[in-house]
Amino acid sequence: MLESTPVTTFKGVGAAVAEKLAGLGIKSVQDVLFHLPFRYQDRTQLSPVGGLRPGVEAVISVEVVLADVVIRRRRSLMVRVADGTGSLMLRFFHFSQKQVEQFKPGTKLQCFGEVRRGPGMLEIVHPEYRLQTQGVALQETLTPFYPATEGVQQPTLRKLSDQALDLLDQNELLDYLPAKFLQQGNMPDLAAALRIAHRPPPGADVEALMSGMHPALRRLAFEELIAHRLGLRLLRVEAQKNTAPMVNPKGTLAQQLLASLSFNLTGAQQRVFQDVAEDMKTGAPMLRLVQGDVGAGKTIVAALAAANAVEAGYQVALMAPTEILAEQHLLNFSEWFEPMGVSVGWLSGKLRVAQRRNAIEAVAMGHQRIVVGTHALFQQDVEFLELGLAIIDEQHRFGVHQRMALRNKGAVDEKSGALSLPHQLIMTATPIPRTLAMTAYADLDCSIIDELPPGRKPVQTVAVESGRRGEVVQRVGQAVDAGRQVYWVCTLIEESESLQAEAAEDTVAMLNDMLPDKRIGLVHGRLKSAEKDAIMQSFKSCELDLLVATTVIEVGVDVPNASLMVIENAERLGLSQLHQLRGRVGRGSAQSSCILLYQAPLSQNAKERISIMRKTNDGFVIAQKDLEIRGAGEVLGTRQTGLAEFRIAELGRDADMLDDVSDVADALLSNSPKRVQGLIRRWIGEEKKDYGGV
Ligand code: ADP
Ligand code: MG
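Every value quoted in this text rests on a predicted model; they were computed, and no experiment measured them.

Caption draft 1: Molecular detail of the overall build of the protein. A count of helical and extended segments in the protein gives 25 helices and 23 strands. Every one of the 694 residues in the protein was classed for burial, and the buried ones make up 54%. Of the roughly 30600 Å² that the protein leaves accessible, carbon and sulfur atoms contribute 49%.

Now the structure itself:
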C-alpha cells in the first residue's frame, strides 16, 4: 500500500531527510505523490536566442563569443554568447578563476535561466549551464518545482517523485472513484492525473496546471473534496450513534435570564433558540452551527442554551478564539448567571500553574457549572464532571480537529458503556456561502440569525485618502463632543505584533497632539491580558473617549456607545476582516459611521473591496464577494487554523464542483462502503480516529 509505505524506503532518505520531509507533510510514498509542484519549467526544447523575450525561462544552445571580467559597481563576469539567430549576455556576480578560463571563445554551452533586459542586450544572470561537448540533453517532460524546505531542495524532491511514480506504475493506486463519475466530469484516472501533475508532457497547459484548472488537478481536488465530505458525514453518523444528555428542563433559569435583560429577543433569536432547545431534548448529540452577522446577538442565544443545560444539571463549556473575546464572554456570563446563583469559571492559557490547577479541579469536581475560556479548554488534562453543552464562538477560527477534541470530552455512560457526548453549539459571524458550508460543515445542522436587533441603523461607510487625516481627526473630536466613543484601528501588513504596536503608539501620540482634551487609550497584542482587560473595561465604562487598537479588537468586542470607527490602511485588509471590524460599531441606537483611511493609489482589487464595503452592510453579500476575490482559505480562516486541511483542493477555486462532490459522496456513502473507507484512509489518514473510528 503506497498509503502506508514510509518514505524512508526510498533511496537517499535517511533519518535526517525524513524529518525534514515530515515538515513538508511527507511521511509516506503516497504523501510524495500528493506533494504537487507549484510551477514548472520547460526544458524540453531549445529556444533560438533571437526569439527570446524578457521574463521567459529558456534553454539555449550557444557558443561563447567573448568573456570578460568587468568592474563597474560590482565585479562581474560577462560572457557574450550567440547561436546564429542572435546574441545574449550571461552575467555572473560570483565566479571562480576556473570559470573565467572555461569560457574561451568558441566554447559550446547549454544554458538555462530567466531572460531579462540588460543594459545593452538581453541577459541571463547566473544561468544554469554546462559545457557541451556532444549533443544536447533536453528533458522529456516539463521540470517540476515543489514546495521545498531547508535541507530538502528540488533535486531531492524530483528524485523522490521519480521513485514514487515508478512505484505507481508497478502497483497502481486503487482508483476509488467509479469510472462513470470520472467520465461525466471528463477527468483522467488517478494514476494518469498524478503523472501529468508531476511530469507534464511537452506542450502541456502550464497555466492551467499552476492555477489548478487542469483536468488532472481538478480530478485530484474532486477526489479530495469527496473524501473530506465523506469524513464529515461519517463523523456525524458516528456522533449520532452516541447518546447525549437529555436537556429538557422547565426553562425556569432561561426565563429568569430573559427577565433580567433590558431587551426582548428578536424573532430570529427566538427561532434559533428554539432549534437549539429542541436539539438538546432528544438524547442525541446536537451538532448545530449558528450563523449570525456581527451584532446579530448570538451571545444571548448561547447563554439561554447554557441556562437550559445548567438547569438540567449539566456543565457548560464556552470557548472563544482570543483572550479578549473569552474575557468579554466571562464578563457577560458572570453578569447574567452569578446573580442567579450559577458559578462561572475561567480557564485560559495564561493562568499561572497553581491557578490553573485550581481551575481544573473546580471543573472536574463540577463546582463550576459554566466554564469560559480559550483553547486551554481543549487540553487533555481538562476533564469535566458532567459536560452537557460545548459552545464554540467564532468557529471559523477553530480547526476541525479542535472541534473533535472538544467533542471527545464526553463521558462514558456507566450503565450502557456508550459514549455520552456533549451537545455542540457552534457560532460564527462569518456568514458562509451555502456551497462552502455544505463542504466545510457537512457534519453540522445550521441555523441563521437573519435579523438584527431593532433600532440598529446600518453603518455608513466612507473612504478617505490618508492625506486628509486632519479632517478625520476633527470628525473624531466632534463625535466625542457629542458623547460618543470612537475606535481608531491601526493595521499593518506585517504580522509582527511589535511593529503593529509601534504604529499604534505613533497614532496615539499624533491623536494626543491633535485632541489634547480627549481621553485616549491603547490596546495591542503585546499588552498583558490584565492590562488589555483594564483598558477595554475603561472604554466600556466610558472612561475613555477614544480607543486606539490594533486588529486585536477584530472579533466580538461589544461597546454599544461606540459609533465611529476609523480604519487605517483599510486597503490592506480583506473584506471579511473589514466587515468584522466595522461590526464593532452600529451596536447601539445611534447612527454609526466607519471611515476607511487608505493610501493612494489603490489597486483594482482594493478599489473593489472598498466599494463593496461602502455599498453594503450585509455579511452574506460580503462573504460571497470575499470568496470570489480571495478564495475559501481566507474566508474560512483556514490559513491560521488548518481547518479543512486540503492538500490539493481549494474551496473557492473548486466551488463549482461542490454540488457534484456532495452527490458523488452521498452515492458512495449509500452504495460503496469499501470505497468510502479507502477514500477516507487515503486523504484523511491518520486523523481517522477523529472521524469516529471509521
Ligand atoms: P454577536 O452576534 O456579534 O456576537 P452580540 O451577542 O455581542 O452579537 O450582541 C451585540 C449587542 O446586541 C450586545 O450589546 C447585545 O446585548 C445586544 N443585543 C442582543 N440581542 C438584542 C436584542 N434582541 N435587542 C437589543 N439588543 C440586543
Ligand atoms: Mg459574538
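Caption draft 2: Spatial organisation of helix α24 (residues 658-671). A rise of 1.5 Å per residue sets the reference length of α24, with its 14 residues, at 20 Å; its end C-alpha atoms lie 20 Å apart and thus fit the reference within 8%. Those residues of α24 lying buried are L658, V661, S662, V664, A665 and L668.

Caption draft 3: Layout of the sheet that holds strand β13 (residues 387-392). As summarised here, the arrangement of the 7 strands in space is β11-β12-β10-β13-β16-β9-β17, forming an open sheet in which the pairing is parallel. Two strands lie at the open edges of the sheet, namely β11 (344-347) and β17 (445-449), each paired on one side alone. Going from strand to strand, the sheet's axes swing by 20° on average, the running direction of each strand aside. Across 5 bridges, strand β9 (residues 287-292) lies against β17 in parallel orientation. Across the sheet, residue V290 finds its bridge partner in β17, namely S447.

Caption draft 4: Just the sheet that holds strand β18 (residues 460-465), in detail. Spatially, 6 strands are ordered β18-β23-β22-β19-β21-β20 in an open sheet, and the strand pairing comes out parallel. Two strands bound the open sheet, and with one partner strand each, they are β18 and β20 (520-523). Ignoring which end each strand starts from, the neighbouring axes of this sheet average 20° apart. Alignment of strand β19 (residues 485-489) against strand β21 (residues 546-549), held across 4 bridges, turns out to be parallel.

Caption draft 5: Structural detail: the site of ligand 1. For ligand 1, the set of nearby residues contains 16 residues, the closest of which are G295, K298, T299, R456 and D558. R456 places a polar side-chain atom, nitrogen or oxygen, 2.7 Å from an oxygen atom of ligand 1. In the model, an oxygen atom of ligand 1 is placed 3.1 Å from a nitrogen or oxygen of the R587 side chain. Summarising the interface, the protein chains cover 86% of the accessible area of ligand 1, which totals 570 Å² for the free molecule. Classifying every residue of the shell around ligand 1 gives 5 nonpolar, 6 polar and 5 charged.

Caption draft 6: Just the nonpolar core, in detail. One finds I226 and L679 to be the most contacted residues of the largest nonpolar core, which totals 84 residues. It is helix α8 (residues 215-241) that contributes the most residues to this core, 11 residues altogether. Counting only domains with at least three residues in this core, you end up with domain 1 (7-40 + 151-195) and domain 3 (252-449). Apart from residues lying up to four places away in sequence, I226 is in contact with L177, V661, V664, A665, L668 and L679.

Caption draft 7: Up close: the environment of K350. As for its position among the elements, K350 is in the loop between β11 and α13 (353-365). For the pair K350 and A376, spaced 26 residues apart in the sequence, the C-alpha separation amounts to 8.8 Å. Setting aside residues up to four positions removed in sequence, K350 forms contacts with E323, S529 and K532.

Caption draft 8: Here's a closer look at the packing of aromatic side chains. Counted according to the given criterion, the structure contains 7 aromatic pairs. Each ring, one from F103 and one from Y129, has its centre 5.2 Å from the other, and the planes form 50°; the classification is tilted. Pair noted here: F103 is in the loop between α3 (97-102) and β5 (108-117) and Y129 is in strand β7 (residues 128-131), with a separation of 26 residues, a long-range link. According to the relative accessible area criterion, Y129 is partly exposed, its value standing at 23%. Ring centres of F333 and F337 lie 5.6 Å apart, and the angle between their planes is 25°; this geometry places the pair in the stacked category. On the criterion of helical spacing, the pair formed by F333 and F337 is a turn pair, its members being 4 residues apart in helix α12 (residues 323-337). The structure contains a cluster of three or more aromatic residues connected by ring pairs, namely F92, F103 and Y129. For the cation-ring pair, R43 lies above F112, with the distance from its terminal atom to the ring centre recorded as 3.8 Å. Lying across the ring of F145, R158 places its NZ or CZ 4.7 Å from the centre.

Caption draft 9: Spotlight on the side chain of D393. Mapped onto the elements of the fold, D393 is located in the loop between β13 and α14 (400-407). Although D393 is buried, it makes no salt bridge; K298 carries the closest opposite charge, 5.9 Å away. A distance of 2.6 Å separates polar atoms of two side chains, one belonging to D393 and the other to H329.

Caption draft 10: Quick peek at the packing of helix α10 (residues 267-281) against helix α11 (residues 298-311). Closest axis-to-axis distance for the α10/α11 pair is 10 Å, and the angle between their directions is 30°. On the basis of the axis angle, α10 is roughly parallel to α11. Handedness of the crossing formed by α10 with α11: right-handed. Contacts from Q269, V272, F273, V276, A277 and M280 of α10 reach α11 at I300, V301, L304, A305 and N308. Of the residues contributing to the contact of α10 with α11, the split by class is 9 nonpolar, 2 polar and no charged.

Caption draft 11: Fine view of the pattern of salt bridges. One pass over the structure, following the stated rule, counts 24 salt bridges. Measuring nitrogen to oxygen at the nearest pair gives 2.7 Å for the salt bridge that ties D381 to R356. Taken together, the residues span a long stretch of sequence, with D381 in the loop between β12 (370-373) and β13 and R356 in helix α13 at a distance of 25 residues. Each of D175, R219, E223 and R682 takes part in salt bridges that share partners, so that together they form one network.

Caption draft 12: Spatial organisation of unusual backbone geometry. A cis amide bond, omega -5°, links A600 with the succeeding residue P601. Among the structural elements, P601 can be located in the loop between β23 (593-598) and α20 (604-615). One non-glycine residue, N186, adopts positive backbone phi at about 60°. Its relative accessible area of 65% is what places N186 among the exposed residues. Here the phi dihedral of C542 falls at roughly 70°; this positive angle occurs in a residue that is not glycine. Structurally, the position occupied by C542 is in the loop between α18 (529-540) and β21. Residue classification places C542 among the partly exposed positions, given a relative accessible area of 35%.

Caption draft 13: Local environment of α11. In a regular helix each residue adds 1.5 Å, so 14 residues correspond to 20 Å; α11 covers 20 Å between its end C-alpha atoms and thus fits that length. Counted residue by residue, α11 has 12 buried out of 14 residues, so it is predominantly covered. Residues of α11 that are buried: K298, I300, V301, A302, A303, L304, A305, A306, A307, N308, A309 and V310. G313 sits one or two residues past α11 and shows a positive phi near 95°.

Caption draft 14: Representation of the packing of helix α19 (residues 575-582) against α20 within the structure. For the pair α19 and α20, the least separation of the axes is 10 Å and the interaxial angle reads 35°. Crossing of α19 against α20: the hand is right-handed. Here L575, L578, H579 and R582 of α19 lie close against α20, whose contacting residues are R609, I612 and M613. Residue classes in the contact of α19 with α20 are distributed as 4 nonpolar, 1 polar and 2 charged.

Conventions and cut-offs
- Residues numbered from 1 in each chain as written.
- Chains lettered and ligands numbered in written order.
- Predicted model: local features only at pLDDT ≥ 70, side-chain atom pairs only at ≥ 80, totals over all residues.
- Heavy atoms only, no water.
- Helix = DSSP H or I, 4+ residues; strand = E, 2+ residues; numbered from the N terminus.
- Buried < 20%, exposed > 50% of the residue type's maximum accessible area, 1.4 Å probe, protein only.
- Areas by Shrake-Rupley, 256 points an atom, 1.4 Å probe, with all protein chains shown as cover.
- Expected span 1.5 Å × (residues − 1).
- Pairing = 2+ DSSP bridges.
- Axes fitted to C-alpha atoms, helices over the stretch in contact; angles between N-to-C directions.
- Near = heavy atom within 4 Å.
- Polar contact = N/O pair within 3.5 Å; in protein donor to acceptor, adjacent residues only side chain to side chain.
- Nonpolar A, V, L, I, M, F, W, Y, C, P; charged D, E, K, R; others polar.
- Core = buried A, V, L, I, M, F, W, Y, C linked by side-chain atoms within 4.5 Å.
- Domains from an automatic or database assignment.
- Contact = heavy atoms within 4.5 Å.
- Phe/Tyr/Trp six-rings, centres within 6.5 Å; stacked < 30°, edge-to-face > 60°.
- Lys NZ or Arg CZ within 6 Å of the ring centre and 35° of its normal.
- Lys, Arg positive; Asp, Glu negative; His and termini not counted.
- Salt bridge = Lys/Arg side-chain N within 4 Å of Asp/Glu carboxyl O.
- Parallel < 35°, antiparallel > 145°, perpendicular 65-115°, else oblique.
- Left-handed = near helix turned anticlockwise from the far one by under 90°.

Keep in mind that these numbers describe shape and distance, not what the molecule does.
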